[in-house]
Amino acid sequence: MKVCVVGLGYIGLPTASVLANSGHQVIGVDVSRRIVDLINKGQIHIEEKGLKTLFGAAVNSGNLTAQLKPTKADAFILAVPTPERDHRSDLEFLRAAAASITPYLQKGNLVIVESTIPPGATENVVLPALAAAKLTPGEDYFVAHCPERVLPGSILKELIENDRIIGGLTPACAARAETLYRTFVQGRIELCDLRTAEMVKLVENSYRDVNVAFANTVSNVAVHLGVSSARVIELANMHPRVNILRSGPGVGGHCIPIDPWFLIETAGGKAELLRAARKVNDERPKVMAATLRKMIGRVKRPKVAVLGVSYKGDVDDTRLAPALPVIERLEKHGVRVAVYDPHVKLFGKDLVNLEEALRDADAAAILAGHSDFKYLHPERVGGLMRARRLLDPFGIVERAAWEAAGFTVETL
Ligand code: SAJ
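This structure is a prediction, so every number in the text was calculated from the model and none was measured.

The rules behind the values
- Residues numbered from 1 in each chain as written.
- Predicted model: local features only at pLDDT ≥ 70, side-chain atom pairs only at ≥ 80, totals over all residues.
- Heavy atoms only, no water.
- Domains from an automatic or database assignment.
- Contact = heavy atoms within 4.5 Å.
- Buried area = accessible area lost by both parts, 1.4 Å probe.
- Salt bridge = Lys/Arg side-chain N within 4 Å of Asp/Glu carboxyl O.
- Helix = DSSP H or I, 4+ residues; strand = E, 2+ residues; numbered from the N terminus.
- Buried < 20%, exposed > 50% of the residue type's maximum accessible area, 1.4 Å probe, protein only.
- Lys, Arg positive; Asp, Glu negative; His and termini not counted.
- Polar contact = N/O pair within 3.5 Å; in protein donor to acceptor, adjacent residues only side chain to side chain.
- Core = buried A, V, L, I, M, F, W, Y, C linked by side-chain atoms within 4.5 Å.
- Pairing = 2+ DSSP bridges.
- Axes fitted to C-alpha atoms, helices over the stretch in contact; angles between N-to-C directions.
- Phe/Tyr/Trp six-rings, centres within 6.5 Å; stacked < 30°, edge-to-face > 60°.

Turning our eyes to something else, we now look at the domain arrangement of the protein. Domain annotation of the protein identifies domain 1 (2-194), domain 2 (202-282) and domain 3 (284-410). Taken over C-alpha atoms, the centre of domain 1 sits 38 Å from the centre of domain 3. Each partner contributes residues to the interface: domain 1 has six residues there, and domain 3 has eight residues. Here domain 1 and domain 3 share an interface that buries about 550 Å² over both sides, 39% of which is from carbon and sulfur atoms. The largest contributions to the domain 1 side of the interface with domain 3 come from Tyr10, Glu47 and Pro152, which together make up 85% of the buried area. Counting across the domain 1 and domain 3 interface gives one salt bridge. Salt-bridge contacts for Lys345 lead to Glu47; the nearest nitrogen and oxygen are separated by 3.7 Å.

Here we come to the side chain of Asp259. With respect to the helices and strands, the residue Asp259 is situated in helix α10 (residues 259-266). Of the side chains with opposite charge, Lys201 comes closest to the buried, unpaired Asp259, at an N-O distance of 4.5 Å. A distance of 2.7 Å separates a polar atom in the side chain of Asp259 from a polar atom in the side chain of Asn205. Not counting residues within four places of it along the chain, the set of residues in contact with Asp259 comprises Thr116, Lys201, Leu202 and Asn205.

Nonpolar side chains tend to gather and get buried jointly when the protein is soluble and globular. Judged by nonpolar contacts, the single largest core of 40 residues is most densely connected at Val5, Leu19, Ile77, Ile112, Ile166, Leu180 and Tyr181. Ignoring anything within four residues of it in the chain, the contact list for Ile166 reads Ala144, His145, Cys146, Ala174, Ala177, Glu178, Tyr181, Ile189, Glu190, Leu191, Cys192 and Ala197. Judged by nonpolar contacts, the second largest core, of 27 residues, contains Phe76, Ile101, Ile117 and Val126.

For the structure shown, the criterion picks out 20 salt bridges. Close ionic contact of Lys201 with Glu148 constitutes a salt bridge, the shortest N to O distance being 3.5 Å. Here Lys201 is found in helix α8 (residues 194-225), whereas its partner Glu148 is found in the loop between β8 (142-145) and α6 (155-161), with 53 residues between them in sequence. A relative accessible area of 4% places Lys201 in the buried class. On the accessibility criterion, Glu148 (6% relative accessible area) is buried. Here Glu379 makes a salt bridge to Arg388, at a shortest N to O gap of 3.1 Å. Look at Arg388 and you get partly exposed, because its relative accessible area is 25%.

This part takes up the sheet that holds strand β2 (residues 25-29). Here we have eight strands laid out as an open sheet, ordered β3-β2-β1-β4-β7-β8-β9-β10, and mixed in their pairing. The open sheet has two edge strands with one neighbour each: β3 (64-67) and β10 (189-193). Averaged over all neighbouring strand pairs, the angle between strand axes comes to 25 degrees, with direction disregarded. Relative to strand β4 (residues 75-78), strand β1 (residues 2-6) runs parallel, the two sharing four bridges. What sits directly across from Val5, in β4, is Ile77. Lying on the sheet, α8 is in contact with β8, β9 (164-168) and β10; it crosses β10 at an angle near 120 degrees.

With parallel pairing, five strands are arranged side by side in an open sheet as β12-β11-β13-β14-β15. Strands at the two margins of the open sheet, each flanked by one partner only, are β12 (336-340) and β15 (408-410). When the angles between neighbouring strand axes are averaged without regard to direction, this sheet yields 20 degrees. Here strand β11 (residues 303-307) runs beside β12; their pairing, made up of five bridges, is parallel. Bridge assignment links Leu307 to a residue of β12, and that residue is Tyr340.

Let's shift gears to the packing of aromatic side chains. The geometry of two aromatic rings is summed up by the distance between their centres and the angle between their planes. Enumeration according to the criterion identifies three aromatic pairs in this entry. For the pair Tyr181 and Phe184, a centre-to-centre distance of 5.6 Å together with 50 degrees between the ring planes defines the contact as tilted. Side by side, Tyr181 and Phe184 carry an identical accessibility label, which is buried. For the ring pair Tyr340 and Phe373, a centre distance of 6.4 Å and an interplane angle of 50 degrees mean the geometry is tilted. Here Tyr340 is found in strand β12, whereas its partner Phe373 is found in the loop between β13 (363-366) and α15 (378-384), with 33 residues between them in sequence.

Here is the structure:
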């Protein structure tokens, strides 16, 4: 098929690359000239395991090119961001992406929405934006919602191996979209209606948010009671039907802190648990900053070394990363913050190397669970710092070894 993928971000670019390597002719579309130029030069703007190689193969095969405007195609995949503003979905990018394909939409085409949206949005936002094409959806062309479900850090593996949910405007629409996904998906493909597919995606991420909020609640209570939350969770998880996630510095990324709001927005007041979970997770950075200030105590011009500022371990993405509000809070209280991250290239603040970050620091805080941090050497780290204190909310380092090296280790 000739497939036009609109939006070349963390989902659109890997999807375009996989499609191109599966033999489709793919035209990637993005409003950013920088991204289009980079792609046509054979370069990419995001870090994702295996993507460079897969993308390189797609471009070299001649099956993947990028441009600023859509073009006539058999299928259109909309994979643009759907941000949240004031706890409501902002679907302007999606509306604009849908409007941008109308001049090229023809009878028999397939339009797929991959972006995450509130239930009802394909019909209420995308279809009206496509109306200018003067074609009847479900009759003249096919419409489906196929939410992406891939985990950043394992996108390429999960794009191929995960099961997919496809919601169709009609059963024929869902079946049509299935033929395209079948060309690269090895997992099961389940067909349903639009609204079910839209809700499934939001339910998945809300489930994760509530479960992380539960772990964070356990941590908050454990701190209050003076016991180790990691040990409480470890012991509770020995029960055959208990599986508590990890508590941490908060929930970041472009999905989990946002998607529950899309469900709350359309739930008619029936999703209060999700609202409570959001509050618990959003307050975690405050807990981190307060803990660090308490650990440091009264020191003149204190300095904290923040190790890791991406929203989670082993990725370069800093969107809504919990490290950001932690840093803001510390700085507001006069703490100097030096930031080191082995994955992140761009960040609102200057990034420094590890030694510089640690030099004369009164505490170090691991705020993204990068696996590299397992190999930090307590003596070397301690040798650079003014005082040996470590906040490790992920429990990344071997606590006993660090304590033996004279560190006060706080895991929360
Ligand atoms: N986190 C914890 N404790 C945990 C697990 C996660 O604090 O035990 C935190 C992470 O540090 C991070 C945040 O939660 O800040 C989210 O990380 P994540 O790994 O749970 O999820 P994402 O945002 O990288 O990807 C999620 C995935 N959804 C689910 O697992 C239900 C992925 O499959 C989705 O495709 C993706 O959102 C998306 O694009 O919607």
